[in-house]
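Listed below, chain by chain, are the residues.
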Amino acid sequence: MGGWFSTPPFIDQEKTSWVRTHSLECEPELASQYQNLVSKFKDGCDLYLCYEDKEKFGYPYQHWFVTDRTWLIEFGSGDILNNLVVVHAVQRKGYTIEDTFKMSTDVRKRMLQVCGASNYSLALRNCEHVARYIQSGVWVSFQMAKDSGFLFELFRDYLSSHTKLVNTFPEGLEPDKPKLVEVYKEYQSDITYRKTKQVLTEADNDSYNVVLIGPTGCGKSTLINHLFNRIVVNAAASAVSITRRVEFLEGLVKMETGSGRPILKSINIIDTLGFCDSVFTANQVLSMIRTSLELNLAKIDKVLIVCSGRIEKQHAEAIKQFMEWLQYEKNKHRFCFIYNKSDGMSEGEKVTCLLSMCEMLGADTRNDTVMLMHGEQKIRLKQNLNLGFPPMAKYEEVESNILKLLEAVCGHDVTRPRIRLEKSMCTIL
């Protein structure tokens, strides 16, 4: 029998899979064979996201698959070596149903994309990745979640530089990119977009790093597009988070240094999945965000907490967990709270909603401004904001809100410490 304190006997084969291209490597003939069988799943039928508890060489793991209770699609049959994504009608017993969902055009498309995949990796491309991708379009295995996934603990000491590929899309499955059109032709933002990345490097810790977090539909993506004055992320009102991964949007920003002479600095705007998504629980989303940030980043310069509409209790609880993880009490000067989509509200309603948001989250409202040096002049920076960017609005209608947003992102006290993602920070379960 194996054990947690011995070297897994399959580690050599697993390491070989890590150095290969991070792609599914679908074999054409097999892909065609199994794609024909995808038609067995009827439009609108009930589908079940399921798993079986397994053990290999004394190591426990979960084998995941999707079924309509007649046909199954899965990456392998429960083994951890030499697997393929297959479609078949062999019945299973003793499995657990994690979730149910409907067969749709998008689900069918994702099934067809993974058929015949052969580049299996228990760490990077496993059966849970494939099953959850079919269901939601997100490439995630919670067995590989940092600090809570038992597979991550198994591979932690072996992954090395491949760690940053954990729960990132394989080549060919990345979400479609926006067309980068300008939001307002008459406006030139202080932040210039360069590219979108799945992972960061050590050099990015010297960049100015900004994280946005909030419930699904609160408008994080819209704020990011206005920061760059480009459609760099997809945005829409939906019960399902439009952002299907943690995205790192790299740019250049004009930053004030305190001397009165601005400099150009690399910036990473980090877009996160909306929690309280209709597919994932708040804790699952927070686990995905934490895993991605901790594996990619050591320092954060600004955290934007974004809400809109009625703030549900579970939304507030999830945000407070995130604030605790980033040690809000110690790093208040690095946080900004934004009540978004407040266009159309009276000034009194805006104040009431923002105050209610801050109270629910435990944000400090006693002094919502900080004083910063701009050359030899002191400026006042608000840390709690109401913003609104209605669709099709003219630039002059949102100009003041864009300037407030830019100040909230770029304004910082160079004498105060950055947020450090210490590995000992509290675990989100």
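The notes below deal with the structure included here. (Residues numbered from 1 in each chain as written. Predicted model: local features only at pLDDT ≥ 70, side-chain atom pairs only at ≥ 80, totals over all residues. Heavy atoms only, no water.)

### Some remarks on the sheet that holds strand β2 (residues 59-67)
- Strand order in the open sheet formed by five strands is β4-β3-β2-β1-β5, with antiparallel pairing between adjacent strands. This sheet does not close on itself; its edge strands, each paired only once, are β4 (85-88) and β5 (96-102). Across the sheet, the mean angle separating the axes of adjacent strands is 25° when strand polarity is ignored.
- Where strand β1 (residues 46-56) meets β2, nine bridges bridge the pair, whose relative direction is antiparallel. Across the sheet, residue C50 finds its bridge partner in β2, namely F65. (Pairing = 2+ DSSP bridges. Helix = DSSP H or I, 4+ residues; strand = E, 2+ residues; numbered from the N terminus. Axes fitted to C-alpha atoms, helices over the stretch in contact; angles between N-to-C directions.)

### What about helix α6 (residues 220-228)?
- Judged by how many residues are buried, α6 sits mostly within the fold: eight of nine residues are covered.
- Looking at α6, one finds that the buried residues are K220, S221, L223, I224, N225, H226, L227 and F228.
- Two residues or fewer past α6, N229 is found with a positive phi of approximately 55°. (Buried < 20%, exposed > 50% of the residue type's maximum accessible area, 1.4 Å probe, protein only.)

### A closer look at the environment of V246
- Topologically, V246 is positioned in the loop between α6 and β8 (247-255).
- A C-alpha to C-alpha distance of 6.3 Å links V246 and L273, two positions 27 residues apart in sequence.

### Notes on the pattern of salt bridges
- A full pass over the atoms with the stated rule returns 22 salt bridges.
- Between R132 and E98 there is a salt bridge, and its shortest N-O distance comes to 3.7 Å. Placement of the pair is R132 in helix α4 (residues 127-136) and E98 in strand β5, with a sequence separation of 34 residues.
- One salt bridge in this structure joins E329 and K332, with 3.5 Å as the shortest N-O distance.
- When its relative accessible area of 23% is taken as the criterion, K332 is described as partly exposed.
- Taken together, the shared-partner salt bridges connect E52, K54, E74 and R92 into one network. (Salt bridge = Lys/Arg side-chain N within 4 Å of Asp/Glu carboxyl O.)

### Comments concerning the packing of aromatic side chains
- The full count for this structure, using the stated rule, is 17 aromatic pairs.
- Between the aromatic rings of Y187 and Y395, the centroid separation amounts to 5.3 Å while the plane-to-plane angle is 20°, which identifies the pairing as stacked. Here the residue Y187 occupies a position in the loop between α5 (150-159) and β6 (191-197), and Y395 occupies one in helix α10 (residues 395-410), the gap between them amounting to 208 residues. Of the two residues, Y187 and Y395, neither departs from the other in class, the shared state being buried.
- With a centroid separation of 5.7 Å and 85° between ring planes, the pair formed by Y328 and F337 is classed as edge-to-face. (Phe/Tyr/Trp six-rings, centres within 6.5 Å; stacked < 30°, edge-to-face > 60°.)

### Re the packing of α6 against α10
- At a minimum axis separation of 10 Å, α6 and α10 run at an interaxial angle of 90°. Comparing their axes, α10 and α6 come out roughly perpendicular. Counting all contacts with α6, which are made through L223, H226 and L227, the residues of α10 involved are I402, L405, L406 and V409.
- Considering only residue class, the contact of α6 with α10 consists of six nonpolar, one polar and no charged. (Parallel < 35°, antiparallel > 145°, perpendicular 65-115°, else oblique. Contact = heavy atoms within 4.5 Å. Nonpolar A, V, L, I, M, F, W, Y, C, P; charged D, E, K, R; others polar.)

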